[in-house]
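# Coordinate analysis (summary)
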Amino acid sequence: MKGIVPIALVAVVSLGGELLVANESDLTAEELVARVLDQTRGLSSYSELTMTIHRPDWQRTSSFLVWTQGREDALIRFTAPARDAGLATLRKGERMWTYSPKIQRTVRLPKSMMSQDWAGSDFSYNDLARSDDLLNQYSLSLTEIDITDDGTVYTIEAVPKENAAIVWGKEVLELRDDFVLLKHSYFDQEMVLVKWLETLEIDEFDGRTIPKRMRITKSEAHDRWTEIVYEEADFDIDIPDSKFTLFALRDSG
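The present account deals with the structure reproduced in this document. (Residues numbered from 1 in each chain as written. Predicted model: local features only at pLDDT ≥ 70, side-chain atom pairs only at ≥ 80, totals over all residues. Heavy atoms only, no water.)

### What about the pattern of salt bridges?
For the structure on display, the rule yields 13 salt bridges. A salt bridge links Asp122 to Arg55, with the shortest nitrogen-to-oxygen separation between them at 3.1 Å. In this pair, Asp122 sits in the loop between β8 (105–108) and α2 (125–129) while Arg55 sits in strand β3 (residues 44–55), placing the two residues 67 residues apart along the sequence. Here Asp236 ties to Arg208 by a salt bridge, and the two come within 2.5 Å at their closest N and O atoms. With Asp236 in the loop between β15 (221–235) and α4 (246–250) and Arg208 in strand β14 (residues 208–218), the pair connects residues that are 28 residues apart, well separated along the chain. Given the relative accessible area of 42%, Asp236 is considered partly exposed. Arg208 gets classed as buried once you look at its relative accessible area, which sits at 8%. If you follow the salt bridges from partner to partner, you end up with Glu201, Arg213, Arg215 and Glu227 in one network. (Salt bridge = Lys/Arg side-chain N within 4 Å of Asp/Glu carboxyl O. Helix = DSSP H or I, 4+ residues; strand = E, 2+ residues; numbered from the N terminus. Buried < 20%, exposed > 50% of the residue type's maximum accessible area, 1.4 Å probe, protein only.)

Next up, the structure:
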């Protein structure tokens, strides 16, 4: 779960059904999505986050730490509440493991379990593991450009490539011209909206503008949602490769 110093993208104007680019800095849909994916990761990152799971009759908040390296490696470790402290998830490429300190057991997640809820939230393990899927498994197209008071907003449609192992019929991303993701919608094979991730607050961390508070909501139950909030974030820092190993997954230090 990083970015670059916000830069001004090219001014784009719609004229006669064609997109006219003001200079040579025009970015393709693939390049825009790649910048968004890197916006909250960079070459490496360390972040401290809180997660609130809301249900009609209860609400629970937890805290966790995240280390990332590139787009493939990530280690997530819960620190609070006490009953969850030490629970961890490791991602290495397409492989993912979980660790429970109570039973001192490491489990490699099979693909059949990747659609299950992660840590009881509205995020799935697939949501944690698929940062590069948008670039590798989808055909991307820029479908809309909207000039707003806060900047230019690009709408990109992602349709799975033929034979891609993807459960969604399509995904739609709305992103700002400083590479901040504003909304990410997921549609099933019947093109019915299933869930959406929305940025509710934007802030700057370590010189990067990123979503500070994001909420994921499922269409079937608007009163059930999960929010993630960045409390701290540092980018492009030195993290040893040993941080992304099964030994580190089990190490609570």
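### Some details on the nonpolar core
Ranked by internal contacts, the top residues of the largest apolar core, which has 45 residues, are Phe64, Trp118 and Leu140. Among the elements that make up this core, the one with the highest residue count is helix α1 (residues 29–39) (6 residues). (Core = buried A, V, L, I, M, F, W, Y, C linked by side-chain atoms within 4.5 Å.)

### Re the pairing of strand β12 (residues 181–187)
Successive side chains on a regular strand alternate, one facing one side of the sheet and the next facing the other. Burial analysis of β12 places 6 of its 7 residues in the buried class, the great majority of the element. The pairing of strand β11 (residues 170–176) with β12 spans 6 bridges and is classified as antiparallel. Residue pairing across strands places Leu173 opposite His184, the latter belonging to β12. Here β11 folds back onto β12 in antiparallel fashion, the turn holding 4 residues, of which Phe179 has a positive phi close to 70°. As judged from the 5 bridges shared by β12 and strand β13 (residues 193–205), these two strands associate in the antiparallel manner. If you follow His184 over to β13, its bridge partner there is Leu197. Where β12 hands over to β13, the hairpin turn is made up of 5 residues, of which Met191 adopts a positive phi near 65°. (Pairing = 2+ DSSP bridges.)

These results come straight from atomic positions and should not be treated as a statement about function.
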